[in-house]
Amino acid sequence: MPREIITDDGDRVLVDDPSYVSYYSPIARVVWTILGIINALLAIRFILRLFGANPGAGFVNFMYSITAPLVAWFTGSIRATSVGTGIIEWSTLLAIAVYWIIAWIITRLVTMSRPVARY
């Protein structure tokens, strides 16, 4: 079944070639969904640390324990900055960026073997 795609020039073209793969392939969608979940958890951790949340509170402790393995590789790479009662945890921001780059590389590797149709 032909699909309508939009070329880089903005033209609409019908393509009847099964070798085309979308940026929105199932594998890419799974990778971006997993990245979204990981980065949401890390963003919550960053905000809790920034506002100096009580680590003895159940939710805060739960969030720190879930995200600890995700930031373990980056802990100590950049020193945290104290801001009043909170902490700017730069290693968490670094983790968010690195995980985004890894997800981008995975989706590019998945889609690089075939021409990409943007539709």
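Heads up: the structure comes first, above all this text.
The rules we used
- Residues numbered from 1 in each chain as written.
- Predicted model: local features only at pLDDT ≥ 70, side-chain atom pairs only at ≥ 80, totals over all residues.
- Heavy atoms only, no water.
- Helix = DSSP H or I, 4+ residues; strand = E, 2+ residues; numbered from the N terminus.
- Expected span 1.5 Å × (residues − 1).
- Bend = angle between axes of the 7 residues up to and from the residue.
- Buried < 20%, exposed > 50% of the residue type's maximum accessible area, 1.4 Å probe, protein only.
- Contact = heavy atoms within 4.5 Å.

### Details of helix α2 (residues 58–71)
Between its first and last C-alpha, α2 extends 20 Å over 14 residues, near the 20 Å set by a 1.5 Å rise per residue. By the largest-angle criterion, Ser-65 marks the main kink of α2, which is about 25°, and a proline, Pro-69, follows within four residues. Along α2, the positions that sit buried rather than exposed are Val-60, Met-63, Tyr-64, Thr-67, Leu-70 and Val-71. The elements touched by buried residues of α2 are α1 (26–50) and α3 (90–111).

### Considering the side chain of Thr-67
Mapping Thr-67 onto the fold places it in helix α2. Classification of Thr-67 by relative accessible area gives buried; the value is 0%. Excluding residues that lie within four positions of it along the chain, Thr-67 makes contacts with Leu-41, Leu-42 and Arg-45.

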